[in-house]
Amino acid sequence: MRVFVTGATGWIGSAVVDELLAAGHEVTALARSDRSAAGLEAKGARVHRGDLDDLAALALGAEQADATIHLANKHDWSDPAGNNAAERAAVQAIGEALEGTGRPFLLASGVTKFGSDVLTERDPSPFHGPDSPRGGSENLALEFVERGVRTVAVRFAPTVHGFRDHGFVAVLTAIAKEKGVSGYPGDGSNRWSAVHRSDAARLVRLALQGAPAGARLHAVAEEGVPTRQIAEAIGRVTGVPIASIDPADVSAHFGWIGGFFGLDMSASSAATRELLGWEPAGPGIIADIDAGAYTA
């Protein structure tokens with residue numbers, strides 16, 4: 001299968017490209033720089049030049065492929081409105097390019113607290129419209145199912161972990177070193193789901209090959225790890241003390257990530273596992289932290 005991948009040099013995207021190539025798929029990857037292009041070509045992927053704001057390049061990449069996997073995101077936490085607008089425009093462009101083709105369109109979404117106590121694949125996203133998180137891109141993409149696109153939403157756990165991860169746990173580790181204390185919000189009972197990067201990449205491949213139109217999948221291996229346990233593990237590897245941070249002080253202590261670390265983002269992947277036969281095999285988040293994934 002010829003697969004067009006955005007975000008192909010990112011943390012999740014680079015693992016997905018490796019997984020697809022190993023499975024015998026042809027990969028065409030969006031690249032905005034010469035360095036990214038060279039790295040992708042060295043892996044054996046074809047390069048399609050452009051970026052998330054180049055809607056014509058996104059549409060052309062989707063039109064020329066048998067399937068599209070959209071993993072790119074600006075991740076500019078200083079400009080959430082800009083992030084949301086760019087994501088929505090990209091999904092709209094790809095969806096319109098694939099309209100009536102019946103081709104797969106997988107897009108990255110996130111595990112967010114809504115619906116049941118533990119989020120399940122049955123819980124629809126409440127986010128609609130350009131001003132909502134991610135620009136309401138999950139619901140926008142799923143609207144294209146009725147327009148002849150095999151859309152599949154892949155909701156990733158808040159921490160997709162592994163060695164060299166530069167995501168949320170890396171940020172929390174840096175804050176612990178800077179502040180001299182590894183903090184957790186309140187009593188630390190709120191939970192984060194987690195998945196190892198290798199397991200997430202394998203799920204994307206399985207979804208590409210077998211998930212039906214309209215499916216909502218959860219890239220979740222651990223349903224809910226208490227934030228206190230995450231802080232304790234960070235404290236162990238950095239050698240700083242552990243402390244509760246009063247909810248009123250979370251934003252001041254953690255900065256922008258405090259808004260995420262204070263949330264309960266637990267989720268089940270039972271339906272995803274049953275549908276695709278996916279069984280996570282990588283280490284858990286605490287094991288990865290203890291092994292030095294964020295301090296090596």
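Everything below is about the structure shown above.
Residues numbered from 1 in each chain as written. Predicted model: local features only at pLDDT ≥ 70, side-chain atom pairs only at ≥ 80, totals over all residues. Heavy atoms only, no water.

Colleague: Can you break down the environment of S36 residue by residue, with the values?
Modeller: In this fold, S36 is placed in helix α2 (residues 34-43). Sequence spacing of S36 and G10 is 26 residues, and the spatial spacing of their C-alpha atoms is 9.9 Å. For S36, the residues in contact, after removing those within four places along its chain, are T9 and A31. A polar contact of 3.0 Å, which involves the side chain of S36, links it to the side chain of S33. (Helix = DSSP H or I, 4+ residues; strand = E, 2+ residues; numbered from the N terminus. Contact = heavy atoms within 4.5 Å. Polar contact = N/O pair within 3.5 Å; in protein donor to acceptor, adjacent residues only side chain to side chain.)

Colleague: For helix α3 (residues 55-63), give the residues involved together with the corresponding values.
Modeller: Buried within α3 we find A57, L58, A59, G61 and A62. At its buried positions, α3 is contacted by β1 (2-6), β2 (26-31), β3 (46-49), β4 (67-70) and α4 (80-98). (Buried < 20%, exposed > 50% of the residue type's maximum accessible area, 1.4 Å probe, protein only.)

Colleague: Quick one: what's the story with the pairing of β2, residue by residue and with numbers?
Modeller: Pairing of β1 with β2, which is carried by four bridges, proceeds in the parallel orientation. Bridge pairing in β2 places R2 opposite E26. Note on the crossover from β1 through helix α1 (residues 11-22) to β2: the handedness is right-handed. The sheet contact formed by β2 and β3 spans four bridges and is parallel. Bridging from a neighbouring strand, A31 pairs with R49 of β3. Between the parallel pair β2 and β3, the chain is carried across by α2, and the sense of this crossover is right-handed. (Pairing = 2+ DSSP bridges. Right-handed = clockwise from strand over helix to strand, strands pointing away.)

Remember, this is a structural readout, not a statement about activity or role.
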